[in-house]
Amino acid sequence: MDAILLQILNGLDKGSAYALIALGLTLIFGTLGVVNFAHGAIFMIGAFCSVTLQRLFNLSYEVIDETQKDFLGNPLKVKTPYVESWFGPEMGATIIDWSVPLAILFAIPVMLVIGYVMERGLIKHFYKRPHADQILVTFGLAIVLQEVIKYFFGANPIQTPAPEALSGVAQLAEGIVYPVWRIVYFCFAVVIIGAVFAFLQFTTFGMVVRAGMADRETVGLLGIDIDKRFTIMFGLAAAVAGLAGVMYGPINAPNYHMGMDFLVLSFVVVVVGGMGSLPGAVLAGFVLGILESFASTTWATTTLPGINQIIIYLVAIIILLTRPRGLMGRKGVMED
Amino acid sequence: MSKTNLTRRGVLKSGAVAGAGVALPTIFTGSSVSAFTNDPTGDTVTLGFNVPQTGPYADEGADELRAYELAVEHLNGGGDGGMLNTFSSKVLDGTGILGKKVAYVTGDTQTKSDAARASAKSMIEKDGAVMITGGSSSGVAVAVQGLCQEAGVIFMAGLTHSNDTTGKDKKANGFRHFFNGYMSAAALAPVLKNLYGDDRKAYHLTADYTWGWTQQESIAAATEAMGWETVNNVLTPLAATDFSSYIAPVLNSGADVLVLNHYGGNMVNSLTNAVQFGLRNKEVNGKNFEIVVPLFSRLMARGAGENIKGIVGSTNWHWSLQDEGSKAFVKSFGTKYGFPPSQAAHTCYVQTLLYADAVQRAGSFNPCAVVEALEGGDSSLPGISSPANKGYLFDGLGNGQTLYRSADHQCFKDVLVVKGKENPTSEFDLLEVVEVTPAAQVWYEPDHPMFAGGQLGSCNPGA
C-alpha cells in the first residue's frame, strides 16, 4: 500500500511537469493554432534562469591565500561572494540558498519577453503556413536555443539545490516519507494551473481570449484586437513553461537537453488530452505521469519487461485509435 | 541437339572480361598501391577523434577532445611535451609520427552507436583517418571497434568500461587502456567489506545496455562472494532523466545498500533522486543505508554536487596522483585549460601517445605492424604468475607499470577506489583516493566466464 501511495505521489510530480508544459502548448495551439516545438526549450530556459541567478549570487572576488595551494601548486585563490560582503555572511548565505525560489521573480519578466520576441519575431510569420512548416521552424529554434545554452553553460548538469528549509523528506504517514521539494513542486503546479484557469475564466481579458479561441473571426469583427491578446497569451504560455523549469531544477539538475527530454512526452500528453483542450492537457499530464510511474515499479518491469519505456506511447496509440480527438478534445479536432 | 553460337570475336571478348574480373582483386593488393587502409602518403597523418559532443556523456566528450588536442600538440613538438617526458618508451621526439605531422578530424557520436559508426566511417573513407579513437559509451565503443576491424584501421578505445569491449566483442584491431567492470568490482569489494561489513542487502539500478549489464554482473558477483545479498536489479533506460519511480521501491525493499550502475548525466540524476528521497539518512536492518557508485569520475562528481560526499566508487585515474607522469599531464592540461583533467581526458591522451609510440616502434602505419608493436612480445607485469601475463609493458603514463595484454588487448594497471570528499578545498577537489588497488588484485584470465565468447581474430590491414 505504501509503495502504491509513493508511486501515485511520484506520478503526480512527473505529471506536474507534463501538465505545466502541455498547458502552455495547448494555450498556444488553442489561440494561435501553432504547433510549437520550441516549447520544451522554453522550459529549459526557465531552469537556466535559476542557474543564472545562482551564478549571479555567487559572483565573487578573489583573495590570494599564500598558505594554500591550488591543483597546479600555485597559491590558492579563495573566493568570497559579493552578496556575502554586502549583506553579511549569514544573510548572504541565505540569499544564495534561496536562489531557486527567488528565480521565479527573475524568470517571469524574462520568459514574458522571450515569449513576446519569439512570437513577434518568428512565429507570427508562420500562422498561415501548414503545421509541418511550423513544426520544422520551431524545432529548429529549439535546437538553436539548446546549443546556445550549451555554449554558455556547458554540457554537464548543473546542480540548483532547493533551500535548506525545503530540502529533506517529509513524513507523510507511518513509514512513508517523501521529498519536501517534490511536494512543493506539486503544490506550485496546482497553484499555477489554478491561476491560469482563473485568469481565463474570471477576467474580461480571459473571456475575450476564450471567445477568440472558439471563433477568432467573429471576435475580430467586434473591433477587438485579438492578435495582440493572443501575443500576450503566447508570452503567458512561455512564462508557465519557464516557471515549471525554474522550480524543476532541484528535482533534476538542469542540462541543455532537458527541453527535448520533455518535449515529445508533453506533445503526447497534449494529444491524449485533446488538442486545444486546457483541462484535457492537465488531466492527461497527471494521468500519464501516474501511469509512467507505476510502469517503472519492479512488479511492472518484471511482468512486462520494457513497459516503463513504452507505456506513454502505448496509451497514446490506444486513445488515438479509439478516440482520435483525445480525452477532452473538441469534436472535429484530429477527427475526420 | 544443342546449338552453340561461339564466335572467335565473342570468345576473345568474354576472355578479356573474365580475365579482368579474375585479376581485379589483385589490383588492390598489388605493390603499385597501398597495402593497408589510408596509408598516409603526404607529410601528415590523420587521426580520427570520435567523441560524444551531445547526449548524456557530452561533458566527458568535451574533455576527451581537449586531451586529444593536447596530445597532438605534444606529438608535434608543441607545449611542454607533457607525458612524452615521463613515458618509459623514448621513441617519440616531438616530430610527429614517423616524421609526419599529426592532423586530426573530429566527430560527434551523439552517444548513439549508429551515429558513432556513421561518423567513424566518414573519418575513414572521406578524411583518410588511419586510427580512430574516442568513446564514453561502451555501446558506441563496441560498435566502432567492429567497424574499424572491418575497415582495417586501428581503434584505440577511449572511455569504455563494459567487460564486453575486451570480452566477447574484442577485436584484433581494437585496444583498451581504460579499466572495466570486473576490475572495478575486484577493487571495490574489499573496500566495501571494510567500510560496510559483509552482511548487506544490495538493490541495483542498472543502465540498460552492455556497460550496465556487465558492470552489474561484476559488482553483484564480487559482493555476493563476500556475503552480500542482491535483493533486486532493475534496468533503467539510458534516456531516463527522472529516476524517482525507480528509487521509491527501494525504500520498502529491505535493501540497505543502493548500487547505482549509472554513468554521466544518468548517475547525476539517479544519485540526486536517491538523496532527495532521504536514502542517505535512512536506517535499515539496524544499519545506515549506503549508496555505492561503482564507476566514478570527477566530472560526475561536479554534476552531483553535495550529493557525492562520502560515496564510494572506483576510477581509472585521478589528477591528484603523485607519480611523475600524472603530475606532468596535470601541469600541461591545467596550464592550457585552467582546470585539471578528468579520467576520460587521461585515458584518451594516453591512448593517442600509445598509438603513436607503437607506430614509431613498428616503423610503419600498417595496422598489423601496430598490433604487433602493441602486443609487445614477452614483457610481463611483475608479481603475477599466469601464462597470459605477457604483452607490451610501459610506465610513466600514470597508474604505475601497465601491461597491454596481448591475449585480449586489455590494459592492466593499478585501479583507484575513491570517495566523495566531505570537505573539498576547491571546486576540483571533489574526490579523495582511499585505496590504490594493485594490478595483481584486479587480474583475471582471458577465459574468465565474464569475458568468454568471441575471438580476437587476426588483424585486418584493410585495402
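Since we're looking at a predicted model, the values are computed, not measured. (Residues numbered from 1 in each chain as written. Chains lettered and ligands numbered in written order. Predicted model: local features only at pLDDT ≥ 70, side-chain atom pairs only at ≥ 80, totals over all residues. Heavy atoms only, no water.)

## As for the overall build of chain B
Here comes step 1: Each helix and strand in chain B was counted, giving 12 helices and 17 strands.
Here comes step 2: Expected size for 463 residues packed as a compact globule is a radius of gyration near 23 Å; at 24 Å, chain B falls within 12% of this value.
Here comes step 3: The principal-axis extent of the C-alpha atoms belonging to chain B is close to 95 × 65 × 45 Å.
Here comes step 4: Per-residue burial over chain B gives 60% buried out of 463 residues. (Helix = DSSP H or I, 4+ residues; strand = E, 2+ residues; numbered from the N terminus. Rg over C-alpha atoms; globule rule 2.2 N^0.38 Å. Buried < 20%, exposed > 50% of the residue type's maximum accessible area, 1.4 Å probe, protein only.)

## Remarks on the nonpolar core
Here comes step 1: Within the largest apolar cluster, 128 residues are counted, with the highest numbers of intra-cluster contacts made by Leu258 and Tyr355 of chain B.
Here comes step 2: When residues of this core are assigned to their parent elements, the largest contribution, 11 residues, is made by helix H11 (residues 343-362) of chain B.
Here comes step 3: When residues no more than four places from it in sequence are discounted, the contact partners of Tyr355 of chain B are Leu47, Ile97, Val130, Met131, Ile154, Met156, Phe365 and Val370 of chain B.
Here comes step 4: Residues Val35, Met118, Phe153 and Leu278 of chain A belong to the second largest nonpolar core, which totals 100 residues. (Core = buried A, V, L, I, M, F, W, Y, C linked by side-chain atoms within 4.5 Å. Contact = heavy atoms within 4.5 Å.)

## Here's the deal with the interface of chain B and chain A
Here comes step 1: Taken together, the contact between chain B and chain A spans 46 residues of the former and 36 residues of the latter.
Here comes step 2: Each partner contributes to the roughly 3000 Å² buried at the junction of chain B and chain A, and carbon and sulfur atoms together form 51% of this total.
Here comes step 3: Interface area lost by chain B to chain A is led by Ser245, Gln276 and Phe277 of chain B, which between them contribute 19%.
Here comes step 4: Across the chain B-chain A interface, the total number found is 1 salt bridge.
Here comes step 5: Secondary-structure elements contributing two or more residues to the side of chain B that touches chain A are helix H2 (58-75), strand S7 (229-236), helix H7 (244-251), helix H8 (264-276), helix H9 (298-304) and helix H10 (324-337) of chain B.
Here comes step 6: For the side of chain B that touches chain A, the class distribution of residues is 19 nonpolar, 21 polar and 6 charged. (Buried area = accessible area lost by both parts, 1.4 Å probe. Salt bridge = Lys/Arg side-chain N within 4 Å of Asp/Glu carboxyl O. Nonpolar A, V, L, I, M, F, W, Y, C, P; charged D, E, K, R; others polar.)

## A closer look at the packing of aromatic side chains
Residue and element names in this part refer to chain B.
Here comes step 1: Under the defined criterion, the tally for this structure stands at 36 aromatic pairs over all chains.
Here comes step 2: Pairing Phe87 with Phe394 gives two aromatic rings, centres 6.2 Å apart and planes at 85 degrees, and the pair type is edge-to-face. In this pair, Phe87 is assigned in the loop between H2 and strand S2 (101-108) and Phe394 in strand S13 (residues 391-394), connecting sequence segments 307 residues apart.
Here comes step 3: By relative accessible area, which is 0% here, Phe87 ends up buried.
Here comes step 4: Note on Tyr182 and Tyr444: the rings are 5.0 Å apart at their centroids and 70 degrees apart in plane angle, and the pair reads as edge-to-face. Note that Tyr182 is positioned in helix H5 (residues 181-196) and Tyr444 in the segment after strand S17 (431-437), a separation of 262 residues in sequence. With respect to class, Tyr182 is no different from Tyr444; both count as buried.
Here comes step 5: Among the aromatic residues, those joined into a ring-pair cluster are Trp317, Phe329, Phe333, Tyr337, Phe339 and Tyr349.
Here comes step 6: In this arrangement the basic side chain of Arg361 is found over the ring face of Tyr392, its NZ or CZ atom lying 3.8 Å from the centre. (Phe/Tyr/Trp six-rings, centres within 6.5 Å; stacked < 30°, edge-to-face > 60°. Lys NZ or Arg CZ within 6 Å of the ring centre and 35° of its normal.)

## Quick word on the sheet that holds S13 of chain B
Residues and elements named next belong to chain B.
Here comes step 1: As summarised here, the arrangement of the 3 strands in space is S13-S14-S15, forming an open sheet in which the pairing is antiparallel. The sheet terminates laterally at S13 and strand S15 (411-412), the two strands that pair on one side only.
Here comes step 2: Strand direction decides the pairing type here: strand S14 (residues 402-405) and S15, joined by 2 bridges, are antiparallel. If you follow Leu403 over to S15, its bridge partner there is Phe412. (Pairing = 2+ DSSP bridges.)

## Some points on the confidence of the model for chain A
Here comes step 1: Per-residue pLDDT for chain A has a mean of 87; in total, 98% of the residues score no lower than 70.
Here comes step 2: Highest mean pLDDT in chain A belongs to helix H2 (residues 39-57) of chain A (95); lowest belongs to helix H13 (residues 298-303) of chain A (78). (pLDDT = per-residue confidence, 0-100.)

## Digging into the UniProt feature "transmembrane region" (unreviewed entry) in chain A
Residue and element names in this part refer to chain A.
Here comes step 1: Here, UniProt's "transmembrane region" (unreviewed entry) annotation points to residues 20-53, 95-114, 183-209, 230-251, 263-291 and 303-321.
Here comes step 2: Between the C-alpha atoms that bound residues 183-209 the distance is 32 Å, and the span itself is 96% helix and 0% strand.
Here comes step 3: Across residues 230-251, helical content stands at 86% and strand content at 0%; the span's end C-alpha atoms are separated by 32 Å. (UniProt positions renumbered as here; feature names shortened; annotations may be inferred.)

## What about the state of the cysteines?
All names here are of chain B.
Here comes step 1: Counted under the stated rule, the structure contains 1 disulfide over all chains.
Here comes step 2: The side chain of Cys368 participates in a disulfide bridge whose partner is Cys459; the two sulfur atoms lie 1.9 Å from each other. On the S-S bond that ties Cys368 to Cys459, the torsion sits near 105 degrees, and the link is right-handed. Placement of the pair is Cys368 in helix H12 (residues 367-375) and Cys459 in the segment after S17, with a sequence separation of 91 residues.
Here comes step 3: Judged by its relative accessible area of 22%, Cys368 falls in the partly exposed class.
Here comes step 4: The closest cysteine sulfur to the non-disulfide-bonded Cys348 is located on Cys411, 13 Å from its own sulfur. (Disulfide = S-S within 2.5 Å.)

## Quick notes on the pattern of salt bridges
Where charged atoms from two side chains of opposite charge approach closely, those side chains can pair.
Residue and element names in this part refer to chain B.
Here comes step 1: For the structure on display, the rule yields 21 salt bridges over all chains.
Here comes step 2: Notably, a salt bridge pairs Lys287 with Asp199, separated by 3.9 Å at the nearest N-O pair. You can see Lys287 sitting in strand S10 (residues 287-288) and its partner Asp199 sitting in the loop between H5 and strand S6 (201-207), a full 88 residues away along the chain.
Here comes step 3: One connected set of salt bridges, linked through shared partners, spans Asp199, Arg200, Asp256 and Lys287.

## A short note on the sheet that holds strand S8 (residues 257-261) of chain B
Residue and element names in this part refer to chain B.
Here comes step 1: A sheet is described by the order of its strands in space; here 7 strands give the open sequence S7-S6-S8-S11-S12-S16-S17, paired in mixed fashion. Edge strands, defined here as strands with exactly one partner in the open sheet, are S7 and S17. Put simply, the sheet's adjacent strands are angled 20 degrees from each other on average, direction ignored.
Here comes step 2: In the sheet, strand S11 (residues 290-295) pairs with strand S12 (residues 312-315) via 2 bridges, with the strands oriented parallel. Residue pairing across strands places Leu295 opposite Ser314, the latter belonging to S12. (Axes fitted to C-alpha atoms, helices over the stretch in contact; angles between N-to-C directions.)

## Here we look at helix H8 (residues 204-214) of chain A
Residues and elements named next belong to chain A.
Here comes step 1: For H8, the full list of buried residues reads Phe205, Gly206, Val208, Val209, Gly212 and Met213. For H8, the buried positions fall inside an angular range of 160 degrees around the axis, keeping them on one side. Relative to its buried face, H8 has exposed residues pointing more than 90 degrees away, namely Thr204 and Ala214.
Here comes step 2: Residues of H8 that are buried sit in contact with helix H1 (2-32), helix H7 (180-202), helix H9 (216-221) and helix H10 (226-248). (Arc of directions from axis to C-beta.)

## Here we look at the confidence of the model for chain B
Residues and elements named next belong to chain B.
Here comes step 1: Mean pLDDT over chain B works out to 89, with 92% of the residues at or above the 70 mark.
Here comes step 2: Here residues 1-6 scores under 50 on pLDDT; set against residues more than four positions off or in separate chains, the count is 1 contact.
Here comes step 3: Overall, residues 14-32 carries pLDDT values under 50, and its contacts beyond four positions in sequence, including any with other chains, amount to 5 contacts.
Here comes step 4: We note a pTM of 0.83 for the whole complex and an ipTM of 0.80 for its interfaces.

## A few points about unusual backbone geometry
Residues and elements named next belong to chain B.
Here comes step 1: Even without a glycine there, the phi angle at Leu98 is positive, about 50 degrees.
Here comes step 2: Its location among the elements puts Leu98 in the loop between H2 and S2.
Here comes step 3: A positive phi angle, near 55 degrees, is found at Asn285, a position not held by glycine.
Here comes step 4: Here Asn285 is to be found in the loop between strand S9 (283-284) and S10.

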